[in-house]
Amino acid sequence: WVLMATGRSPTNIAVIKYWGKRDEALILPVNDSISVTLDPDHLSATTTVAASPSFPSDRMWLNGKEIELSGGRFQSCLRENRKRARDVEDKKKGIKIKKEDWEKLHVHIASYNNFPTAAGLASSAAGFACLVFTLGKLMNVNEDYGELSSIARQGSGSACRSIYGGFVKWCMGKNDDGSDSMAVQLVDESHWDDLVIIIAVVSSKQKETSSTSGMRDTVETSPLLQYRAQTVVPSRILKMEEAIKNRDFESFARLTCADSNQFHAVCLDTSPPIFYMSDTSHRIISLVEKWNHAEGTPQVAYTFDAGPNAVLIARNRKTAALLLQRLLYCFPPQDNDLESYMLGDKSIL
Ligand code: DP6
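Below you will find a few notes about this structure. What you are looking at is a predicted structure, and each value in this text was computed from that prediction instead of being measured.

Its 20 residues place the ends of helix α6 (residues 249-268) 28 Å apart at the C-alpha level, agreeing with the 28 Å of an ideal helix rising 1.5 Å per residue. The N-capping residue of α6, defined by a side-chain oxygen 3.3 Å from the backbone nitrogen of Glu250, is Asp248.

Here it is in structure tokens:
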């Protein structure tokens, strides 16, 4: 027999960035972070997991290609789920699995992303959140979302925030064992549904420096990181929570742009320096800054992760439509600098 479960998880975009670990093995960050989870119809991972006594080993396929499971991160997610697994019974199929059987049962995992992997669009966030969620479903893990988020964290830090919709905060925690490092939902997706997120794909090529190795180099070499983590981020987190609660777009946009810029400044402060943004990314920043300045109050926020693609957050649908017009004007379709636009709201297309 084969027992299967399928799940889908969206990706999330950090507006206050996670960059730097205080514990590499457990994936514990040096500061809190806040993100917005996207609509699963656009950027998400879909994962099917199957368990069968006829599987001789654990195996995984990503977008149809088999990948090595030896990495500690997959093993951590599997191990943490197996530890919490409970009895499962499927009467129709006549399957009965005792909780202790999960230790011996191997799984096959197939996961698909509906967006370019490793283009700096945090595909690992959706992937690991989905893996943990779906394994939990298969193994009848009955933990609350906080606990699931701390398992997902051990796959990829940013994944812990994709367990929830809406705006989410990853509390860095204080404990050495990571037991208090987990995500909480600040508000659900209906709280601020005027916002429209547009992702301008500047390049879908694989990024040159992975987040994991980039942040390791930053922790080891950047003097600015200490200042950011200890002095800047704690007060920004409080202000961002307030801005989100009050749907205060002006503060939200200022904090989001400032935090993206400081994250890239910290990358530049790393030795050797890390350049995630390209000239096109810089041109997009100028476009938004000039527009916001001309309006006197921010209309659009920008944020860039570990890659050149721009995540643009418009205050409402009308602004999003204008933004799209401006982007198309500045980067006409024949301009190869910008490959395509992916929208957070289909109706704008
Ligand atoms: C720039 O979560 O991909 O997107 O924990 O090593 O897997 P690992 O890193 P990852 O880093 C994400 C970094 C970021 C900022 C963020 O999402 O907060």
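The discussion continues.
With that out of the way, let us pick up the site of the ligand. Residues in contact with the ligand amount to 18 residues; listed here are only the nearest, Tyr18, Lys21, Ser156, Gly157 and Ser158. Note that an oxygen atom of the ligand is positioned 2.8 Å from one of the side-chain N or O atoms of Arg73. One nitrogen or oxygen atom from the side chain of Ser156 is found 2.7 Å from an oxygen atom belonging to the ligand. Burial of the ligand by the protein chains amounts to 96% of its free accessible area of 460 Å². Per-element tally for the shell around the ligand: the top contributor is helix α4 (residues 211-221), with three residues. For the shell around the ligand, the residue count by class is seven nonpolar, six polar and five charged.

A few words on the side chain of Arg153. Following the sequence through the fold, Arg153 ends up in helix α3 (residues 145-153). One buried charged residue, Arg153, forms no salt bridge at all, with the nearest opposite charge on Asp180 at 7.0 Å. A distance of 3.1 Å separates the side chain of Arg153 from the backbone oxygen of Gly178, its partner in a polar contact. Those residues in contact with Arg153, other than ones at most four positions away along the chain, are Leu26, Ile27, Leu28, Cys160, Trp170, Gly178 and Ser181.

For the structure shown, the criterion picks out 17 salt bridges. For Glu80, the salt bridge goes to Lys83, with nearest N and O atoms at 3.1 Å. On the criterion of helical spacing, the pair formed by Glu80 and Lys83 is a turn pair, its members being three residues apart in helix α1 (residues 72-84). With a closest N to O distance of 3.7 Å, Glu242 and Lys245 form a salt bridge. Here Glu242 pairs with Lys245, and both are found in helix α5 (residues 223-245), just three residues apart, close to one helical turn. Shared partners join several salt bridges into a network, and the residues in it are Arg79, Glu80, Lys83, Arg84, Glu143 and Glu147.

What follows deals with the sheet that holds strand β5 (residues 33-37). One open sheet accounts for four strands, arranged β2-β5-β12-β13; its pairing is antiparallel. Each end of this open sheet is capped by a strand with a single partner; those strands are β2 (12-16) and β13 (182-187). The sheet shows a mean angle of 35° between the axes of neighbouring strands, taken without regard to direction. Note that β2 and β5 share four bridges and pair antiparallel. When the bridges of β5 are listed, Ile13 appears paired with Val36. Contacting β12 (167-171) and β13, α3 crosses the sheet at an angle of about 125° to β13. Lying over the sheet, α6 contacts β2 and β12, oriented at roughly 95° with respect to β2.

Next up on the list: the pairing of strand β14 (residues 196-201). The buried fraction of β14 amounts to six of the six residues, a majority that puts the element mostly inside the structure. In this sheet, strand β16 (residues 310-314) lies alongside β14 in antiparallel orientation, the contact comprising five bridges. Paired with Val196 across the strands is Ala314, a residue of β16.

All right, on to the packing of α1 against helix α2 (residues 123-138) then. Interaxial distance between α1 and α2 falls to 10 Å at its minimum, and their mutual angle equals 25°. Between α1 and α2, the angle falls in the class roughly parallel. As for how α1 packs across α2, the hand of that crossing is right-handed. Counted together, Arg73, Phe74, Cys77, Leu78 and Asn81 of α1 and Phe128, Leu131, Val132, Leu135 and Gly136 of α2 form the full contact between these two elements.

Scoring rules and cut-offs
Within each chain, residue numbers correspond to sequence positions counted from 1 in written order. Only residues with pLDDT of 70 or above have their local features reported here, since the model is predicted, and side-chain atom pairs are shown and tallied only from 80 upward, although totals for entire chains, interfaces and linings are computed over all residues. The basis for every side-chain value is the complete set of heavy atoms in the structure, and neither hydrogens nor water enter the calculation. Helical segments are the DSSP runs of H or I of at least four residues, strand segments are the runs of E of at least two, and each set is numbered from the N terminus. Multiplying one less than the number of residues by 1.5 Å gives the expected span of a helix. Identification of polar contacts relies on pairs of N or O atoms within 3.5 Å, with a donor-acceptor requirement for protein atoms, meaning one able to donate a hydrogen and the other able to accept it, and with residues adjacent in sequence counted only if both atoms are side-chain atoms. We call a residue near a given molecule or strand whenever any one of its heavy atoms falls within 4 Å of it. Note on areas: Shrake-Rupley, 1.4 Å probe, and residue coverage restricted to the protein chains presented here. Polar here means any residue other than Ala, Val, Leu, Ile, Met, Phe, Trp, Tyr, Cys and Pro, which are nonpolar, and Asp, Glu, Lys and Arg, which are charged; Gly is therefore polar. A 1.4 Å probe rolled over the protein chains alone gives each residue an accessible area, and that area as a share of the maximum for its type sets the label: buried under 20%, exposed over 50%, partly exposed in between. When charges are tallied, Lys and Arg are placed among the positive residues and Asp and Glu among the negative ones, while His and the ends of the chain are skipped. Counted as salt bridges are all cases of a side-chain nitrogen of Lys or Arg within 4 Å of a carboxyl oxygen of Asp or Glu. Any two residues having at least one pair of non-hydrogen atoms within 4.5 Å are treated as being in contact. Any two strands are treated as partners once DSSP identifies two or more bridges connecting them. Fitted lines through C-alpha atoms serve as axes, helices being fitted only where they are in contact, and the angles separating the N-to-C directions of these axes extend from 0 to 180 degrees. These descriptions rest on fixed angle ranges, namely under 35 degrees for roughly parallel, over 145 for roughly antiparallel, 65 to 115 for roughly perpendicular, and the rest for oblique. Each crossing gets its hand from how the near helix is turned against the far one by less than a right angle, where anticlockwise is left-handed and clockwise is right-handed.

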